[in-house]
Amino acid sequence: MIKEEHEVSILGEPPTAPAASTVVHIQAETMVPDHVVWSLFNTLFLNVCCLGFVAFAYSVKSRDRKMVGDLAGARSYASTAKCLNIWALVLGVLISIGYLALLIYVGMMAYEKMQQSMGGGY
C-alpha cells in the first residue's frame, strides 16, 4: 500500500467544503430597451414618411448612449424611437388597408365596366 493510500484509509476522506455560488444582481436601471429590431422592421417594411428610418437612427443613438453609460440619454432616445415606431406602424397599417380597399374598389368597377361592355349587365 502506498503511503498516501494508507493515510487516506486511516484519516478518512477529506471534508468537502460547501459549493460556493455567485449571484450577480442586475439593476433595473441598466435595462433600457432600445427598440432596434422594431425600428429595423419599420424601416424595411413600413417606412411611411421615413418614420421607420428616423426611429432606427434614434434606436442606434439610444444603444450608443447605453454603452457609454448615459442612461438618462438612452431613455430619452429610446422613448423617441418608440413613439416614432408606433406612428410608423399605425400609419403603415392604415395606408395598407386604404390601398387594399382602393384595389378592391377599382377591381369591382373594372369588372362592372367589363360586364356592361359585353352587354350582360346584372
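One can find the structure itself at the top, above this paragraph.
Notes on the structure follow. (Residues numbered from 1 in each chain as written. Predicted model: local features only at pLDDT ≥ 70, side-chain atom pairs only at ≥ 80, totals over all residues. Heavy atoms only, no water.)

### Concerning helix H2 (residues 36–45)
Working step 1: Along H2, the residues classified as buried are Val-36, Ser-39, Asn-42 and Thr-43. All buried residues of H2 project into a common sector of 130 degrees when viewed along the axis, lining one side. Set apart from the buried face of H2 by more than 90 degrees, the exposed residues are Val-37, Leu-44 and Phe-45.
Working step 2: The inward-facing, buried residues of H2 contact helix H3 (51–68) and helix H4 (71–117). (Buried < 20%, exposed > 50% of the residue type's maximum accessible area, 1.4 Å probe, protein only. Helix = DSSP H or I, 4+ residues; strand = E, 2+ residues; numbered from the N terminus. Arc of directions from axis to C-beta. Contact = heavy atoms within 4.5 Å.)

### Examining unusual backbone geometry
Working step 1: A positive phi is found at His-35, a non-glycine position, where the angle reads about 60 degrees.
Working step 2: Position of His-35 among the secondary structure elements: in the loop between helix H1 (3–11) and H2.
Working step 3: Unlike most non-glycine residues, Cys-49 shows phi in positive territory, near 50 degrees.
Working step 4: Locating Cys-49 in the fold gives a position in the loop between H2 and H3.

### Here's the deal with the packing of H2 against H4
How two helices pack is summed up by the angle between their axes together with the distance between the axes.
Working step 1: Running from N to C, H2 and H4 point in directions that differ by 35 degrees, and their axes come no closer than 10 Å. Remark: the crossing between H2 and H4 carries left-handed chirality. Contact residues: Trp-38, Ser-39 and Asn-42 in H2; Lys-82, Asn-85, Ile-86, Ala-88 and Leu-89 in H4.
Working step 2: A class-by-class count of the residues in the contact of H2 with H4 yields 4 nonpolar, 3 polar and 1 charged. (Axes fitted to C-alpha atoms, helices over the stretch in contact; angles between N-to-C directions. Left-handed = near helix turned anticlockwise from the far one by under 90°. Nonpolar A, V, L, I, M, F, W, Y, C, P; charged D, E, K, R; others polar.)

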